[in-house]
Amino acid sequence: SAMSYIRQIVRSPLIVPTAVATLAVGIASTTVVFSIVNAAVLQPLRYGNADRLVLVWMARRQRPGYGNPSPQVYVAWRDRAKSFEQMAALADTSFDLRGDPPVRLGGAEATANFFSAVGVQPALGRGFTEEEARSGAHVLVLSHAVWKNDFASDATILGKTIVLSGAPWTVI
C-alpha cells in the first residue's frame, strides 16, 4: 500500500536521492547518445550528393578491425572500379606549425580528385591538380578552423609558403 512505501522512504532517506540521481544519469546518457547518433547518422552530410558517397575500408587480417588500403591497393581498386563514378583516398596525418608555443595540426593527405569526389570546393583558392600529385608538390588547403584560428583569417595567405613539420608548403 501507499503508506508502507511512505514509511520505507522515511526510514531510508537515501532512496529518493538515489532514485533521482539514477534517473538523471539515465536521461543524460540517453540525451548524449541521441545527440551523437543524430549528428553522425541522422543529419545529412554537408556534401553535394551525400546520398551517393560511399566510404570503403579494408579488413585487417593481423588484428581485428578495418583500415585504409595501401596506395597500391587503392590504385588497383580505382583502376578496376566499375561501380563508382570516382574514387578518392584520404589518410590522416598531422603537422607541427612553428610558433610560441608550437601547434600540432591535424590534417590529411588526399588524392588530387578528393574535392570533386565529395562534391565540394575550397571556399578560397582551389583544390589539388593531378600534376601536383604526380610531382609530389608541397601544396595544401587549410581548413576553415586552421585558417581562422592559426592564420587570423588572412585572406592574403593564398600563394604564401608556410613551414609545417620543417618543410615548406604553399597554400593553394
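Every chain's residues receive numbers from 1 upward, in the order its sequence appears when written. Note on the predicted model: pLDDT of at least 70 is required for a residue's local features to be given, and 80 or more for side-chain atom pairs to be given and counted; whole-chain, interface and lining totals, by contrast, use all residues. Only hydrogens and water are removed before side-chain values are computed, so all heavy atoms of the structure are retained for them.

A.B. asks: Could you give me a rundown of the packing of aromatic side chains, with the residues and numbers involved?
C.D. replies: To describe a pair of aromatic rings, you give the distance between the ring centres and the angle between the ring planes. Aromatic rings from Phe, Tyr and Trp, taking only the six-membered ring of Trp, are treated as a pair when their centres fall within 6.5 Å; an angle between ring planes under 30 degrees marks them as stacked, one over 60 as edge-to-face, and anything in between as tilted. Counting across every chain of the model gives three aromatic pairs. Between the aromatic rings of F95 and W169, the centroid separation amounts to 5.5 Å while the plane-to-plane angle is 75°, which identifies the pairing as edge-to-face. Remark: W169 occurs in strand 7 (residues 167-171) and F95 occurs in strand 3 (residues 90-97); sequence separation between them is 74 residues. Both residues of the pair, F95 and W169, belong to the buried class. On the numbers, 5.7 Å between centres and 25° between planes, the contact of F115 with F128 is stacked. Here F128 lies in the loop between helix 4 (114-118) and helix 5 (130-135) and F115 lies in helix 4, a separation of 13 residues in the sequence. Each residue in the set F114, F115 and F128 is aromatic and connected to the rest through ring pairs, giving one cluster. Strands are runs of DSSP state E lasting at least two residues, helices are runs of H or I lasting at least four, and both sets are numbered from the N terminus onward. The rule is simple: take the accessible area with a 1.4 Å probe, protein chains only, and divide by the maximum for that residue type; under 20% is buried, over 50% is exposed, in between is partly exposed.

A.B. asks: Outline the pattern of salt bridges, listing residues and values.
C.D. replies: Two side chains with opposite charge may pair up if their charged atoms get near one another. Here, a salt bridge means any Lys or Arg side-chain nitrogen found within 4 Å of an Asp or Glu carboxyl oxygen. For the coordinates displayed, the defined rule picks out five salt bridges. Between R104 and D96 there is a salt bridge, with its nearest N and O atoms 2.7 Å apart. Assessed through its relative accessible area of 34%, D96 is described here as partly exposed.

A.B. asks: So, a nonpolar patch on the surface: which residues are in play, and what are the values?
C.D. replies: A contiguous nonpolar surface patch, about 310 Å² in accessible area, is contributed by I9, I15, V16 and V20. Per element, the largest residue contribution to the nonpolar patch is three residues, and it comes from helix 2 (residues 15-42). Looking at the secondary structure, you find V16 in helix 2. Patch membership is restricted to residues that have no salt bridge and whose relative accessible area is over 30%. Joining uses 9 Å for like charges and 5 Å for the nonpolar side chains Val, Leu, Ile, Met, Phe, Trp and Tyr. Method for areas: the Shrake-Rupley scheme with a 1.4 Å probe, in which residue coverage is limited to the protein chains shown.

A.B. asks: Can you tell me about the environment of A28, naming the residues and giving the values?
C.D. replies: Position of A28 among the secondary structure elements: in helix 2. By relative accessible area, A28 is classed as partly exposed at 40%. When the C-alpha positions of A28 and T161 are compared, they lie 47 Å apart, and in sequence the two are 133 residues distant.

A.B. asks: Give me the nonpolar core: which residues, what numbers.
C.D. replies: Nonpolar core, defined: a set of buried Ala, Val, Leu, Ile, Met, Phe, Trp, Tyr and Cys residues in which side-chain atoms within 4.5 Å join the residues together. Counting 13 residues, the largest nonpolar core has L140, F151, I157, I162, L164 and W169 as the members making the most contacts within it. Those elements that provide at least two residues to this core are strand 3, helix 6 (144-150), strand 6 (161-164) and strand 7. Looking at this core element by element, the count peaks at three residues for strand 7. By definition, residues are in contact when any of their heavy atoms lie within 4.5 Å. Setting aside residues up to four positions removed in sequence, L164 forms contacts with F95, D96, L97, L105, L140 and W169.

A.B. asks: I'd like to hear about unusual backbone geometry, residue by residue, with values.
C.D. replies: With a phi close to 50°, S153 is a non-glycine residue in the positive phi region. Along the chain, S153 turns up in the loop between helix 6 and strand 6. For S165, which is not glycine, the phi dihedral falls at a positive 50°. By the secondary structure assignment, S165 is in the loop between strand 6 and strand 7.

Taken by themselves, the reported measurements are silent on function.
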